[in-house]
Amino acid sequence: MKRHFADYLFRSYRKRKAVNSTMYLVLIVATLIALVPLFSIFGYVLAQGAPALNKSFFLELPKPVGEAGGGMANAILGTVTLVFLASLLGVPWGIATGLYLSEYGRGRLASVVRFCADMLASIPSIIIGLFVYALVVMTMKRFSALAGGLALGILMIPTVARSSEEMLKLVPQHIREAGLALGLPRWKVTLMIVLKGIRGPIVTGVMLSVARASGETAPLLFTAFNNRFWQGRLDQPISSLPVQIYTYAISPYDDWHRQAWAGALILVLLVFAMNLITRVVLAPKARKS
Amino acid sequence: MSAIMEVSGLNAWFGAAQAVKEINLSFEKNTVTAIIGPSGCGKSTFIRCLNRLHEEVPDARAIGRVLLEGDDIYGRGVDPVAIRRKIGMVFQKPNPFPSLSVFDNVAVGLRLGGLRRASILKEAVERSLTLSALWDEVKDKLNAPGTSLSGGQQQRLCIARALAVEPSILLMDEPTSALDPISTAKIEELVTELKKAVTIVMVTHNMQQAARISDKTAFFLLGDMVEYGETSRIFTAPKDSRTERYITGRFG
Ligand SMILES: Nc1ncnc2c1ncn2[C@@H]1O[C@H](COP(=O)(O)OP(=O)(O)O)[C@@H](O)[C@H]1O
Ligand SMILES: [Mg+2]
């Protein structure tokens, strides 16, 4: 009887081990499959875009239809400008909302805010573009960098808010209590102790949403529109990489197609670089000090 | 001896559940008072009422009178933030602020309280770390993260952090329950030393610890204070049979 039971245990142990290693293998394969699109997209964009990259691509304005050459200098600068404007709005607003939800958000109002943030996050970006079009473009009677920045900024708010909220919630309650017990007002504990302690993860969340925003095309089509020239003023239409890529890609010209691929490559590299900088430069510093 | 803090008619609730019932108790200057009792009897809730931290928990409330040097901290119009500056607290789990250095952990109370002068801050940090018997161990790594210290050192860092703002009372909620025996002994020694400078109220579930370091002991059970008196008397001649049963280890 005893031996029988030990036998059974041994067999079931072997079975568990077999199931365990099978599942492990399945997970690894699934992970690799998930990485395939990432690498194939990057590889394809690299292969198509790299040949069209040259000095004039970075330094020159687009050439008129029919003329070969030219570059996307204004679109690169335009994307940087738009993302900067968007961050100016989206980052502080998003973090403030996240702080409210995590530190003060109890009861009805907080659930409503949380629900709205989730709703806002799931609204298709083109609708946000339409909204800004109706609100700003129609009022100012022209497309502008400001309108584009506003649309991207609105897009950033819910993601920054929810990611900040999640990070803040990971800070144990007793850290806040220790701050309060020192006789510090709650807002100081929140900003100078709690938020400071997790600035690394918060920055990571912010960078992810900045990266998302810098690739958005739809909300820019009827807010920032496009511009073939350098844009000196924020109340004028402005060029951006995604819109320029879109314009060139649907054109019938081979030269423009090549430039669209080059633009795509730059956009991807820009986003990669932002993620890399966040990880390598910002995160360890936040941990050390 | 004069009482620095007098508690009368203190009651505390979590929602509808009462955790602390009608406590009357006073703490004399430069003494150590131990609060003992089985877990869940309201010890933490009680001392968290003494710096009005209890009310920070959602749905929690407290009523009663707690006179600190004659003024009721539950009085009308009293700002809990202001009174907490005079009442330090050390928690069960060492909780130095993450991402702050050893130095900044100690300085943070003064700095965020508005003190900017570097020389004064430096003095205060050294004084507090010396008081908490940590200075010699950390004086060469003041810029290291507070969380890089050992558990026992972290707890002494938290004591230094509390002492830096010069409170008149120090509340300690089972400060050694997460520590090893050697760190525990160090903290016990420190408490005996610290009472020259500050009045200490310490929750502990370790009766030997209470017997070793406290002058007065209060025994709590199910939110009531069953017995209070000189520590030596409580442990040799308890008046209440429930106290006797608890200290002889027959329940809790
Ligand atoms: N955050 C809370 N919410 C609701 N009830 C609580 C909370 N904290 C403690 N309690 C309850 O209050 C009572 C006293 O708890 P506590 O003061 O922590 O006891 P002790 O510190 O003596 O172990 C217990 O019954 C406990 O379950
Ligand atoms: Mg407790």
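In this text the structure is predicted, and so the values were computed from the model without any measurement.

A. How the structure looks around the state of the cysteines. Residues and elements named next belong to chain B. One pass over the structure, following the stated rule, counts zero disulfides over all chains. Between C41, a free cysteine, and C49, which holds the nearest cysteine sulfur, the sulfur-to-sulfur gap is 13 Å. A relative accessible area of 2% places C41 in the buried class.

B. A look at a nonpolar patch on the surface. Residue and element names in this part refer to chain A. A cluster of nonpolar residues, Y24, I28, L32, L35, L38, F39, L269 and F272, forms a patch on the protein surface that exposes about 770 Å² of accessible area. Put simply, the parts of the chain that give the nonpolar patch at least two residues each are helix 1 (2-49) and helix 12 (254-288). Looking at the nonpolar patch, the element that brings in the most residues is helix 1, giving six residues. By secondary structure assignment, the location of L269 is in helix 12. For L269, a relative accessible area of 36% gives the class partly exposed.

C. Region of the structure containing the domain arrangement of chain A. Residues and elements named next belong to chain A. Domain annotation for chain A reports domain 1 (2-52) and domain 2 (55-288). Using C-alpha coordinates to define each centre, domain 1 is positioned 35 Å away from domain 2. Taken residue by residue, the interface counts nine residues in domain 1 and ten residues in domain 2. The junction of domain 1 with domain 2 conceals about 760 Å² of combined surface from both sides, 88% of it contributed by carbon and sulfur atoms. Among the residues domain 1 hides against domain 2, the three largest losses belong to F42, V45 and A52. Together they make up 58% of the total. In this assembly, domain 1 and domain 2 are joined by zero salt bridges. Across the contact surface, domain 1 and domain 2 share zero residue pairs in polar contact (both at pLDDT 80 or more). Here the residues of the side of domain 1 that touches domain 2 sort into seven nonpolar, two polar and no charged.

What counts and how
- Along each chain, numbering runs from 1 in the same order as the chain's sequence is written.
- Chain A is the first chain written and ligand 1 is the first ligand written, with later ones labelled in order.
- Per-residue local features are limited, in this predicted model, to residues with pLDDT of at least 70; the limit for side-chain atom pairs, both in listing and counting, is 80 or more; totals at the level of whole chains, interfaces and linings are taken over all residues.
- The basis for every side-chain value is the complete set of non-hydrogen atoms in the structure, without hydrogens or water.
- The disulfide criterion used throughout: a pair of cysteine sulfur atoms within 2.5 Å.
- We call a residue buried when its accessible area falls under 20% of the maximum for its residue type, exposed when it is over 50%, and partly exposed in between, using a 1.4 Å probe and counting protein chains only.
- Patch members must show over 30% relative accessible area and no salt bridge, and they are joined within 9 Å when carrying like charges or within 5 Å when they are nonpolar side chains of Val, Leu, Ile, Met, Phe, Trp or Tyr.
- Accessible areas in this description were obtained via Shrake-Rupley with a 1.4 Å probe; residue shielding takes into account the shown protein chains only.
- Every case where a carboxyl oxygen of Asp or Glu lies within 4 Å of a side-chain nitrogen of Lys or Arg is listed as a salt bridge.
- Each helix is a run of H or I in the DSSP string that is no shorter than four residues. Each strand is a run of E no shorter than two, and both are numbered from the N terminus.
- Domain delimitation in this document rests on an assignment produced automatically or drawn from a domain database.
- Contacts were defined at the residue level, with two residues in contact if any of their heavy atoms lie within 4.5 Å.
- As used here, buried area is the combined drop in accessible area, with a 1.4 Å probe, of two parts when they are placed together.
- Nitrogen and oxygen atoms within 3.5 Å of one another constitute a polar contact, given that in protein one can donate a hydrogen and the other can accept it, and given that sequence-neighbouring residues count only through two side-chain atoms.
- Note that Gly is not counted as nonpolar here; it falls among the polar residues with everything else outside the nonpolar set of Ala, Val, Leu, Ile, Met, Phe, Trp, Tyr, Cys and Pro and the charged set of Asp, Glu, Lys and Arg.

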